[in-house]
Amino acid sequence: MRNRGLIPLTVLALSACGAGVEIPPVTPEDIPSLEAARTVKPRDPQLLTELGVAYFRDGRYDAARTTLRPVGTPPTDNFVATLYLALAHEELAQYDSARVLLQDLQTRSELSDAERDAVADHVERLTRLELREAARQAVAQESALSVLDPLPNTIAVFPWTYQGPDSSLKPLERGLAHLIVTDLGQVSQLRVLERTRVQALVDELALADSGRVDPGSAARSGRLLRAATVVHGTLQGAPAGGEELRLDATAVTTTSGQIVATAEADDRLQRLFDLEKAVVLQLIADLGITLTAAEREAISDRPTADLQAFLAFSRGLVREDAGLYRAAEAEFGAAASLEPSFLVAASRRDRAGRLAATGPGPEERLAADLQGSTDRVRRQSQTRTALLTSVRRTNPSKGGRIERLTRLGAPDKRRGIQEALLADDPRDAVRIGDIIIVIPRP
């Protein structure tokens, strides 16, 4: 399901463009007259743009896409038509087409720097939706994808698996994957898939909750990504308060499931970055790749030397992957504060802040809805208990009868009584009758 918080950001940001961009003030009520005008001038760009925008505002996204496509497809310079064509594609869950169009808009001179950043942030959210949809489609089409040849020299790095008692180190699963993706990306002979794309498939397959990856599941997952090789690994040891950490990495070919490279390293936790570099270099050597001097120097670069800053950065990745952008901003900000030279953390902090400003991500809204539902059920249960207790104190036999009716009575009567008992707002209560209390005179 698409994120409804996306469209207002872009439309509101771009409607105020001061370089000649003007959003047509059309409404769905204008559609009949615009359609009549189109029969006279079927190719008029301004008329098609206005009709397409009106269709979009009426929720007729397929009609908007069809109308806007002739005048909004690059290399046209019709900014508004391209914008609304992208948004129509987005509403139809055609995220790749929407992303391409919005990326074209980023290059237009009509945008200010702030508006260009707004479009870039929109594209970032859209890309995540696209990746999730692609992962769902890949799983649905697994039988067809499994017979396709992998893309040459393509490598997918899966999040690592932490095996140890110190839960504070679990975010390193994604932090290490980020480091390895960055380092392998320096090798010209390899095409490394984006970490977020791999994470989307991991989430779709629920590998994170099932022990994650063995050679068989790695090969299967890699085929869905059309990767030739999958790299995964484990972090072991480092109990709470301990010092030792062990990294074991395996590279598996997706065509046969055979292990083609392994690497391992162990040392003190504080030497995590040295361990990661040792593992990467060993994997590259086992894959039969000879590095150039420039590639080796690039791999040796460390984004940070502060373990606590990197842990905060790793927690930020976890929050960001879940769409919890405000929490991600805080974690990335903590990492940048611990080490001001940690430029990647500062960059992701700023981006997460902009994404959070556009409204909650889908997971944040879902979490809020679930919490609201839980609170309501709790309030209803407390109200029901209090009511039954009050009735029992007044008339124990009637109190027991009401409770039995809620469990064993006729369906219609039971439903009505339950609604009355569970109502946490008297204005919402269902009136099922009047209670008359007769107190005999002594």
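Along each chain, numbering runs from 1 in the same order as the chain's sequence is written. Only residues with pLDDT of at least 70 get local features here, since the model is predicted, and only at 80 or more are side-chain atom pairs given and counted; chain-wide, interface and lining totals rely on the full set of residues. As a rule here, side-chain values come from all non-hydrogen atoms in the structure, and water together with hydrogens is ignored.

Here the focus is the overall build of the protein chain. Numbering of helices and strands runs from the N terminus, with a helix taken as a DSSP run of H or I at least four residues long and a strand as a DSSP run of E at least two residues long. When helices and strands are tallied, the protein chain shows 19 helices and six strands. Buried, partly exposed and exposed residues are distinguished by accessible area as a fraction of the type maximum, computed with a 1.4 Å probe on protein chains only: under 20%, between the cut-offs, and over 50%, respectively. Taking all 442 residues of the protein chain together, 44% fall into the buried category. The contact definition used throughout considers only heavy atoms, calling two residues in contact when any of these lie within 4.5 Å. Long-range pairs, those at least 24 residues apart, make up 62% of the contacts in the protein chain between residues at least 6 apart in sequence.

What follows deals with the packing of aromatic side chains. Any Phe, Tyr or Trp ring, taking Trp's six-membered ring, that has another such ring centre within 6.5 Å forms a pair; planes under 30 degrees apart are called stacked, those over 60 apart edge-to-face, and the others tilted. Inspection of every chain in the model, using the stated rule, returns six aromatic pairs. Geometrically, the ring pair formed by Phe 56 and Tyr 61 is edge-to-face, given 5.3 Å between the ring centres and 65° between the ring planes. Here Phe 56 and Tyr 61 have matching classes, each one buried. Look at Phe 313 and Phe 342: their rings are 5.2 Å apart centre to centre, the planes differ by 40°, and that puts the pair in the tilted class. Residue Phe 313 is found in helix α14 (residues 307-321), and its partner Phe 342 is found in the loop between α15 (325-338) and α16 (343-357); the two are separated by 29 residues along the sequence. Phe 342 carries the same exposure label as Phe 313, and that label is buried. Taken together, Phe 273, Phe 310, Phe 313, Phe 332 and Phe 342 form an aromatic cluster joined through their ring pairs.

Another point: the pairing of strand β4 (residues 229-237). Taken across its nine residues, β4 has seven buried, putting it largely inside the fold. The sheet contact formed by strand β1 (residues 154-157) and β4 spans three bridges and is parallel. If you follow Ala 156 over to β4, its bridge partner there is Val 230. Note on pairing: DSSP must find at least two bridges between two strands before they are called paired. Bridge analysis of strand β2 (residues 161-163) against β4 gives three bridges, and the strand direction is parallel. Opposite Thr 161, over in β4, you have Thr 234 as the bridge partner. Bridge count between β4 and strand β5 (residues 244-253): nine bridges; the pairing is antiparallel.

Attention now moves to the pairing of β1. Burial along β1 is two-sided: the face carrying Thr 154 and Ala 156 and the face carrying Ile 155 and Val 157 are both buried. Pairing geometry for β1 and strand β3 (residues 191-192), over two bridges, is parallel. Pairing of Thr 154 across the sheet is with Arg 191, part of β3.

Another aspect to go through is unusual backbone geometry. Following Pro 74, the chain continues to Pro 75 via a peptide bond in cis, the omega torsion being 15°. You can see Pro 75 is positioned in the loop between α4 (61-72) and α5 (79-91). Positive phi values are uncommon outside glycine, yet Ala 93 reaches one of about 65°. For Ala 93, the position within the fold is in the loop between α5 and α6 (95-106). Phi is positive for Arg 226, which is not a glycine, with a value near 60°. Tracing the backbone shows Arg 226 in the loop between α11 (215-225) and β4. On the basis of relative accessibility, which here comes to 29%, the residue Arg 226 falls in the partly exposed class.

A word on the pattern of salt bridges. In what follows, salt bridge is the name for a side-chain nitrogen of Lys or Arg lying within 4 Å of a carboxyl oxygen of Asp or Glu. If you walk through the whole model with that rule in mind, you get 19 salt bridges. In this structure, Arg 65 engages Asp 62 in a salt bridge whose closest nitrogen and oxygen atoms are separated by 2.1 Å. Of this pair, Arg 65 and Asp 62 both sit in helix α4, separated by three residues, roughly a single helical turn. For Arg 65, a relative accessible area of 15% gives the class buried.

Its place among the elements puts Thr 250 in strand β5. Judged by relative accessible area, Thr 250 falls into the buried class, the value being 17%. Setting aside residues no more than four positions away along its own chain, Thr 250 makes contact with Val 230, Val 231, His 232, Ile 259, Ala 261 and Thr 262.

Turning our eyes to something else, we now look at the confidence of the model for the protein chain. Looking at the protein chain, the pLDDT average stands at 76 and 70% of residues meet or exceed 70. The predictor attaches a confidence to each residue, and that confidence, scored 0 to 100, is pLDDT. Long-range and interchain partners of residues 1-20, a stretch whose pLDDT sits below 50, account for 45 contacts in this model, where long-range means more than four residues apart. Throughout residues 402-432 the model reports pLDDT below 50, and contacts reaching past four residues in sequence, or to other chains, amount to 34 contacts.

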